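Letter by letter, the chains look like this.
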Protein chains: 2
Amino acid sequence: MARAGRPPQDPARQLERAHRILDAVAELVLRWGYDKTTIDDVARRAGVAKGTIYLHWKTRDEMFAALLRRERVLMMAAVREREPATLSELFGEYARALLGRPLLRAVLSADSEILGKLSRRKKESTSQFQLGESFDTYVAELVKHGAVRDDPDDYLMVVSSIVYGYLFLPDGLPPGAKPSDDRIADLVAVTVERTLSTGRPLPAADAEAVARATLDFLDTTVEIAQRKLALSLEGK
Amino acid sequence: MARAGRPPQDPARQLERAHRILDAVAELVLRWGYDKTTIDDVARRAGVAKGTIYLHWKTRDEMFAALLRRERVLMMAAVREREPATLSELFGEYARALLGRPLLRAVLSADSEILGKLSRRKKESTSQFQLGESFDTYVAELVKHGAVRDDPDDYLMVVSSIVYGYLFLPDGLPPGAKPSDDRIADLVAVTVERTLSTGRPLPAADAEAVARATLDFLDTTVEIAQRKLALSLEGK
DNA sequence: AAATGACCAAATAGTCTCATCCAGTCAAAC
DNA sequence: GTTTGACTGGATGAGACTATTTGGTCATTT
C-alpha cells in the first residue's frame, strides 16, 4: 500500500517534514504525556509513515531531544526579539519566554505527568538550561561597564535561583494567589535589577555598550542553539 | 508478658514519652523513608509497645503530622533565637534554619525518596510553610516605618520565591557549584534586602521599632506553632 | 488506670501466565 | 533514491492467586 515518493532529494522539503513531525510530537506529548505518545501516533498526526521518522532520527529519544532543542531555539529567539538592553531585562524576558513554553517548563520542573519516565534523567534535561560560558564573558563585560556589582557572588546561581523560585513557587501557592505570567516576568526583572545592579545610573556610552553586549550574548546563544538543532534535524 | 505501669498519670512523663516516640520517627523516616518506617520499628526504637503509640495518636499519619509540627516549632524557635532585626535577617535565618532541618526540606521539596506516598498531598504539607496572617500585620508595620518599599508587590510571594529558589535550585546544579548552607542563607538575606528595602538608612527609632516588630512576629508565630503542637501531643 | 503485645483484617509484595503494545526493521512499491 | 507499512520480539501490563507485612484493636496484666 506504499505510495512512493521520489522528488529527487529536496533538503528544504526534508527539513519542512522534520518540523512537521516535531509539531506533532509537541502536540501529542503535551496532550498525552511522553509515555503515552507512540511513534505511530506521531506518524499518523504528521501524515508520514513510521519508517520516515526513522529516516530523521535513530531513536524515539533522539526525536524528543530534537524537539527540546527546537524549543530552546524558539525560546531564545523570542528573548532576542524583545531586545533586552540590560541584565534584568534579559532575565525578565527569559522568564516570560520560558513561561510561554509549556514543554520547557515541564522539563525544568521535572513534571512527571508530561515527561513520564523521562523525568528521572535530570542530568541531561537540565543541561538545556545551562547558559554556557558565553554568559561568563557577558557578565565580565557588565562588570567592566559598571552595570552590576562585582561582588564575589556567583551571578549565575543568584539569577538562576531567582528565576527558578518565581517560576515554580507559585505552583505550590493557593490558586488565587498566583500572579499572571507577565507579572511574574516583571517581578523577575525587578528582583534581578535590585539584586545585581549597582544602583548608580549608567553613562549613556556604557548603557549603550551593555545593550550591545546583551544582544551579542543572545546572538551567540541563539546561534549555538541553532547549530545544535541543525545537527539534530539533518545528518544525525 | 506485660510489665505494668500505673504511676497514677503523670502528664510530664507522657509528654516526654511522646517526644521520645517522635525522636524515633524522625530518625527512622530520615534513614528509611516514610513508607518503610513501620509502627513496630518506631515502637521498638522508642522502647514502648505498639499500643502505647496509639494512646498518643489515632493514626500513623497523625503521628507524622505531630512530628512535622514539632519540626516547625524547633525551626521557628531557632530563628527567634538568632534575634533577626530586619526583614532580610529574618529570611536569612529562616533559610538557615530550614536548611538545617532535613525533614522540612524534604516536605518543601516534596522529596519522594523520603516522603514516599505522602509526597502526593502537597496541599496539607505545604501549609506548613504558610506564614499566616500575622505576617501581613508585620509587613504593614515595616511599611509604616519605611523599612520596605510600598510597592504593590505581593511581599509574601516575592520573598517566598527567593527563599524557594535558593533552597532548591542548587539541587539541579553541577555538584561543585553548590554553595554551603551558610552561604545560601547569606545570599537569601542579601537578595531580600536589596529587593525589598528602600535603600535609605533608617532612623534609629524606626530601626528599633522594626527589630521589635520582627521579634513580635516571631514570638506570635512560635506561640501559634507551639499551641498546634501541644494539641498534637496530648488530648488529640 | 496504664501499658502491653498477641491478634486480625486489609493492604502490599511476590509469582506465574497470557495478552497486548510498540520501537525499530526491512522487503517491497514507487 | 525515497517512502512505505506489515512484521517482529522484547518489553510491558492485566489477571488470578498466594505469601507476607503491617496499621490498628483489645483482652489481659500489673
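Above: the structure in question.
Visitor: It is not clear to me how the relation of the copies chain A and chain B should be interpreted in this structure. Could you clarify?
Guide: Of the transformation placing chain A onto chain B, the axial shift is 0.0 Å and the rotation is 180 degrees, giving an RMSD of 0.0 Å. Expressed as an axis order, the relation between the two copies is that of a two-fold axis. No C-alpha of chain A approaches the rotation axis more nearly than that of Gly165(A), which lies at 1.9 Å. Mapped onto chain B, 100% of the interface residues of chain A are again interface residues, and the two copies thus contact each other with one and the same surface.

Visitor: For this particular structure, what's the right way to read helix H12 (residues 204-233) of chain A?
Guide: Residues and elements named next belong to chain A. The end-to-end C-alpha separation of H12 is 43 Å, in line with the 44 Å expected for 30 residues at 1.5 Å each. Within H12, burial applies to Val210, Ala213, Thr214, Phe217, Leu218, Thr221, Val222, Ala225, Leu229, Ser232 and Leu233. As for H12, its buried residues are in contact with helix H1 (11-32), helix H4 (60-81), helix H5 (87-99) and helix H9 (133-144).

Visitor: Looking at this model, I keep getting lost on the packing of H4(A) against H12(A). Mind explaining?
Guide: The relative placement of two packed helices comes down to the angle between their axes together with the axis-to-axis distance. Residue and element names in this part refer to chain A. Packing of H4 against H12 brings their axes to within 9 Å, and their N-to-C directions diverge by 155 degrees. The angle between H4 and H12 falls in the class roughly antiparallel. In terms of crossing hand, the pair formed by H4 and H12 is left-handed. Across the interface between the two elements, Ala65, Ala66, Arg69, Arg70, Arg72, Val73, Met76, Ala77, Val79 and Arg80 from H4 touch Leu218, Asp219, Thr221, Val222, Ala225, Gln226, Lys228, Leu229, Ser232 and Leu233 from H12. Looking at the contact of H4 with H12 residue by residue, the classes come out as 11 nonpolar, 3 polar and 6 charged.

Visitor: Before we go on, may I ask you to explain helix H10 (residues 155-168) of chain B in this structure?
Guide: Along an α-helix, a turn takes 3.6 residues, which lines up residues three or four apart on a common side. Residues and elements named next belong to chain B. Taking 1.5 Å of rise per residue, the 14 residues of H10 would be expected to cover 20 Å, and the 20 Å separating its terminal C-alpha atoms lies within 8% of that figure. By the criterion of burial, H10 is predominantly enclosed, with 12 of the 14 residues buried. Taken together, the buried positions of H10 are occupied by Tyr155, Met157, Val158, Val159, Ser160, Ser161, Ile162, Val163, Tyr164, Gly165, Tyr166 and Leu167.

Visitor: Sorry, what's going on with the nonpolar core here?
Guide: Soluble globular proteins tend to pack their nonpolar side chains together in the buried interior. Val188(A) and Val188(B) are the most contacted members of the largest nonpolar core, which totals 126 residues. In terms of residue count, helix H10 (residues 155-172) of chain A provides more of this core than any other element does, 10 residues in total. Apart from the residues lying within four places of it in its own chain, the contact partners of Val188(B) are Phe91(B), Gly92(B), Ala95(B), Ile162(B), Val163(B) and Tyr166(B).

Visitor: Honestly, unusual backbone geometry in this entry has me stumped. Any pointers?
Guide: Negative phi values dominate among residues other than glycine, just as trans dominates among peptide bonds. The phi angle at Glu83(A) is positive, at roughly 50 degrees, despite the residue not being glycine. Taking the C-beta count within 10 Å as the criterion, Glu83(A) has 12 such neighbours and is therefore assigned exposed.

Visitor: Help me out: how do you make sense of the interface of chain A and chain B in this one?
Guide: Interfaces are often sized by the amount of accessible area the parts lose when they come together. Taken residue by residue, the interface counts 20 residues in chain A and 21 residues in chain B. Among the elements of the structure, helix H8 (122-127), H10 and helix H11 (181-196) of chain A are those that each provide at least two residues to the side of chain A that touches chain B. With 10 residues, H10(A) is the largest single contributor of residues to the side of chain A that touches chain B. Each residue belonging to the side of chain A that touches chain B can be placed in one class, and the counts come to 10 nonpolar, 7 polar and 3 charged.

Visitor: Is there a simple way to think about the environment of Arg60(B) in this case?
Guide: One can find Arg60(B) in helix H4 (residues 60-81). Along the backbone, Arg60(B) and Ile39(B) are 21 residues apart, and their C-alpha atoms lie at a distance of 7.4 Å.

Visitor: Looking at this structure, I do not really get the environment of Met76(B). What am I missing?
Guide: All names here are of chain B. For methionine 76, the position within the fold is in helix H4. Take methionine 76: there are 21 C-beta atoms within 10 Å of it, and that puts it in the buried class. Once the C-alpha coordinates of methionine 76 and glycine 92 are considered, the two residues, 16 residues apart in sequence, prove to be 12 Å apart.

Cut-offs applied
- Residues numbered from 1 in each chain as written.
- Chains lettered and ligands numbered in written order.
- Predicted model: local features only at pLDDT ≥ 70, side-chain atom pairs only at ≥ 80, totals over all residues.
- Least-squares fit on C-alpha atoms with pLDDT ≥ 70 in both.
- Contact = placed C-beta atoms within 7 Å.
- Helix = DSSP H or I, 4+ residues; strand = E, 2+ residues; numbered from the N terminus.
- Expected span 1.5 Å × (residues − 1).
- Buried ≥ 20, exposed ≤ 12 C-beta atoms within 10 Å, placed from the backbone.
- Axes fitted to C-alpha atoms, helices over the stretch in contact; angles between N-to-C directions.
- Parallel < 35°, antiparallel > 145°, perpendicular 65-115°, else oblique.
- Left-handed = near helix turned anticlockwise from the far one by under 90°.
- Nonpolar A, V, L, I, M, F, W, Y, C, P; charged D, E, K, R; others polar.
- Core = buried A, V, L, I, M, F, W, Y, C linked by C-beta atoms within 7 Å.

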